[in-house]
Amino acid sequence: MTTLLTEKAIQQRVDEMARDINAAYAGEPVLAVCVLKGAFLFHADLVRRLVGEVAVDFIQVSSYGTEQRSSGIVQLKKDADTSFEDRNVLLVEDIVDTGQTLKHLRELFATRRPKSLRVAALLSKPSARVVEVDVDFLGFEIPNEFVVGYGLDSAEQYRNLGHIAVLGG
Ligand code: IMP
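The paragraphs below set out a description of the structure included in this document.

Conventions used here
Residues numbered from 1 in each chain as written. Predicted model: local features only at pLDDT ≥ 70, side-chain atom pairs only at ≥ 80, totals over all residues. Heavy atoms only, no water. Helix = DSSP H or I, 4+ residues; strand = E, 2+ residues; numbered from the N terminus. Rg over C-alpha atoms; globule rule 2.2 N^0.38 Å. Buried < 20%, exposed > 50% of the residue type's maximum accessible area, 1.4 Å probe, protein only. Contact = heavy atoms within 4.5 Å. Areas by Shrake-Rupley, 256 points an atom, 1.4 Å probe, with all protein chains shown as cover. Lys, Arg positive; Asp, Glu negative; His and termini not counted. Charge placed at Lys NZ, Arg CZ, Asp CG, Glu CD. Expected span 1.5 Å × (residues − 1). Arc of directions from axis to C-beta. Pairing = 2+ DSSP bridges. Axes fitted to C-alpha atoms, helices over the stretch in contact; angles between N-to-C directions. Polar contact = N/O pair within 3.5 Å; in protein donor to acceptor, adjacent residues only side chain to side chain. Right-handed = clockwise from strand over helix to strand, strands pointing away.

1. Some thoughts on the overall build of the protein chain
- Within the protein chain one finds three helices and nine strands.
- Reading the helices (α) and strands (β) of the protein chain from amino to carboxyl end gives β-α-β-α-β-β-β-α-β-β-β-β.
- Whereas a compact globule of 169 residues would reach a radius of gyration of roughly 15 Å, the protein chain reaches 15 Å, a difference of no more than 12%.
- A principal-axis box enclosing the C-alpha atoms of the protein chain has dimensions of 45 × 35 × 25 Å.
- When each of the 169 residues of the protein chain is scored for burial, the buried share is 46%.
- Sequence separation of at least 24 residues holds for 66% of the intrachain contacts in the protein chain that already meet a minimum separation of 6.
- Accessible surface, the protein chain: about 8400 Å² in total, of which carbon and sulfur atoms supply 47%.
- For the protein chain, the distance from the average site of its 19 positive side-chain charges to the average site of its 24 negative ones is 1 Å.

Written out as structure tokens, the structure reads:
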């Protein structure tokens, strides 16, 4: 494994993203929705840096199985517990790869009539994109390689790492 992003670099970037997010909401209440499982550490670190009224919720989707390649079929395995109606929803994602998961979630969540819907994603692989999708707050653009750590897995391994590494690199 080769380290791509150190723990220090990730934490510094999460700091900067939180500053941008706080500025964008300007004290309005936020519902920060974590996309399980990959975003669990990013979400936990991010919400601790948000100011004002912050509620959290969790959804789980699967598009991968144990393959390192998107199936293109996005399945909602766990839905949020709370209503999105008339709330500022911040979707917190680990990584945007083909873009299919995020596109699906944006469309689904827009039907729930939130006051606003924004997306914070830690990582993006622009060269892997199959569908275009907007990310409001992005941590890092990375090359089209399979990465693990800081929530991201390969067959459920490596989620606990504080840094992000290229598998097999
Ligand atoms: P997309 O629908 O292709 O954009 O895939 C998004 C999901 O695929 C992410 O939320 C991750 O769970 C998973 N994924 C994509 N690339 C990687 C990677 O490099 N490592 C681990 N998981 C990944």
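2. Some details on helix α1 (residues 7-25)
- The terminal C-alpha atoms of α1, which comprises 19 residues, lie 27 Å apart, in line with the 27 Å expected from a rise of 1.5 Å per residue.
- Among the residues of α1, those classed as buried are Ile10, Val14, Met17, Ala18, Ile21, Asn22 and Tyr25. Along the axis of α1, the buried residues cluster in a sector spanning 140 degrees; they form a single face. Summarising the geometry of α1, the exposed residues directed more than 90 degrees from the buried face are Lys8, Arg19 and Ala23.
- Of the residues one or two after α1, alanine 26 is the one with positive phi, at around 45 degrees.

3. Some details on the sheet that holds strand β5 (residues 88-96)
- Taken in spatial order, the six strands make up an open sheet running β4-β3-β2-β5-β6-β7, and their pairing is mixed. Each edge of the sheet is formed by a strand with only one pairing partner; in this case those strands are β4 (75-78) and β7 (137-141). Averaged over all pairs of adjacent strands, the angle between strand axes in this sheet comes to 30 degrees, irrespective of strand direction.
- As defined by bridge partners, strand β3 (residues 54-62) adjoins β4 across three bridges and the pair is classed as antiparallel. Within β4, the position partnered with valine 61 by the bridge is leucine 76.
- Seen against the sheet, helix α3 (residues 100-110) touches β2 (30-36), β3, β4, β5 and β6 (116-124) and runs at an angle of roughly 170 degrees to β5.

4. Describing the environment of arginine 106
- By the element assignment, arginine 106 lies in helix α3.
- Taking the relative accessible area as the measure of exposure, arginine 106 reaches 18% and is therefore buried.
- In sequence terms arginine 106 and leucine 36 are 70 residues apart; their C-alpha atoms lie 16 Å from each other.
- Those residues in contact with arginine 106 that sit more than four places away from it in its chain are Leu117, Val119, Val133, Asp134 and Asp136.
- Looking at arginine 106, its side chain comes within polar contact range of the side chain of aspartate 136, at 2.8 Å.

5. Focus: the pairing of β3
- As judged from the seven bridges shared by β2 and β3, these two strands associate in the parallel manner. Looking at the pairing, cysteine 34 lines up with phenylalanine 58 of β3.
- Regarding the hand of the β-α-β motif, the stretch spanning β2, helix α2 (residues 40-47) and β3 is right-handed.

6. A closer look at the side chain of lysine 125
- By the element assignment, lysine 125 lies in the loop between β6 and β7.
- In this structure lysine 125 comes out as buried when scored by relative accessible area, which is 5%.
- What lysine 125 contacts, discounting residues up to four positions off in sequence, is Ile95, Val96, Asp97, Ile142, Pro143, Asn144, Glu145 and Phe146.

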